[in-house]
Amino acid sequence: AKALRFTAQQLEGNFSVPLIAKVASQLERASELLGHGEVRDAAESVERFARREPLFFLGSALVLGFGSARFLKSSARRTDDS
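What comes next is a walk through the structure. (Residues numbered from 1 in each chain as written. Predicted model: local features only at pLDDT ≥ 70, side-chain atom pairs only at ≥ 80, totals over all residues. Heavy atoms only, no water.)

Some words on the overall build of the protein
For the protein, the count of helices and strands is four helices and zero strands. Across the protein, helices and strands are ordered from the amino to the carboxyl terminus as α-α-α-α. The C-alpha radius of gyration of the protein comes to 16 Å, more than 25% above the 12 Å expected for a compact globule of 82 residues. For the protein, the proportion of its 82 residues judged to be buried stands at 13%. For the protein, restricting intrachain contacts to residue pairs at least 6 apart in sequence, the fraction spanning at least 24 positions comes to 24%. Counting only carbon and sulfur atoms, one obtains 60% of the accessible surface of the protein, whose full area is about 7,000 Å². In the protein, the 12 positive side-chain charges and the 10 negative ones have mean positions that sit 3 Å from each other. (Helix = DSSP H or I, 4+ residues; strand = E, 2+ residues; numbered from the N terminus. Rg over C-alpha atoms; globule rule 2.2 N^0.38 Å. Buried < 20%, exposed > 50% of the residue type's maximum accessible area, 1.4 Å probe, protein only. Contact = heavy atoms within 4.5 Å. Areas by Shrake-Rupley, 256 points an atom, 1.4 Å probe, with all protein chains shown as cover. Lys, Arg positive; Asp, Glu negative; His and termini not counted. Charge placed at Lys NZ, Arg CZ, Asp CG, Glu CD.)

As structure tokens, then:
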């Protein structure tokens, strides 16, 4: 969440800043719920958010999936077969 807020500050005036700020807020909220061990509350909160903002939720999930795949692919140990 802190990294997203920093990114939003660096992109000041960009059309994506409100979206980045919203994602950062949701991440902070989720981390607070998980930090207190309230996993059920966190799951219910995510479900409510997904029902309230379905396109944003799906878009975020898609971006998170692609980002995770790129991260895992780039951090995988490379071996030479030759």
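So that's the structure; there's more coming.
Thoughts on helix α2 (residues 17-35)
Look at α2: 27 Å from first C-alpha to last across 19 residues, which is about the 27 Å you get at 1.5 Å a residue. The complete set of buried residues in α2 reads V17, I20, A24 and L33. Buried-residue contacts for α2 involve α1 (2-10) and α3 (39-52). (Expected span 1.5 Å × (residues − 1).)

Observations regarding the layout of surface pockets
Quantified by volume, the largest pocket comes out at close to 630 Å³. Forming the walls of the largest pocket are 22 residues, and the residues nearest its centre are V23, L27, S60, A61 and L64. Those elements giving two or more residues to the lining of the largest pocket turn out to be α2, α3 and α4 (54-75). When residues of the lining of the largest pocket are assigned to their parent elements, the largest contribution, 10 residues, is made by α4. Here the residues of the lining of the largest pocket are counted per class, giving 16 nonpolar, six polar and no charged. (1 Å grid on protein atoms, 1.4 Å probe; cavity = no way out; pocket = protein on both sides within 12 Å on 5 of 7 lines; lining within 4 Å. Points joined across faces, edges and corners; volume = space filled by probe spheres on them. Nonpolar A, V, L, I, M, F, W, Y, C, P; charged D, E, K, R; others polar.)

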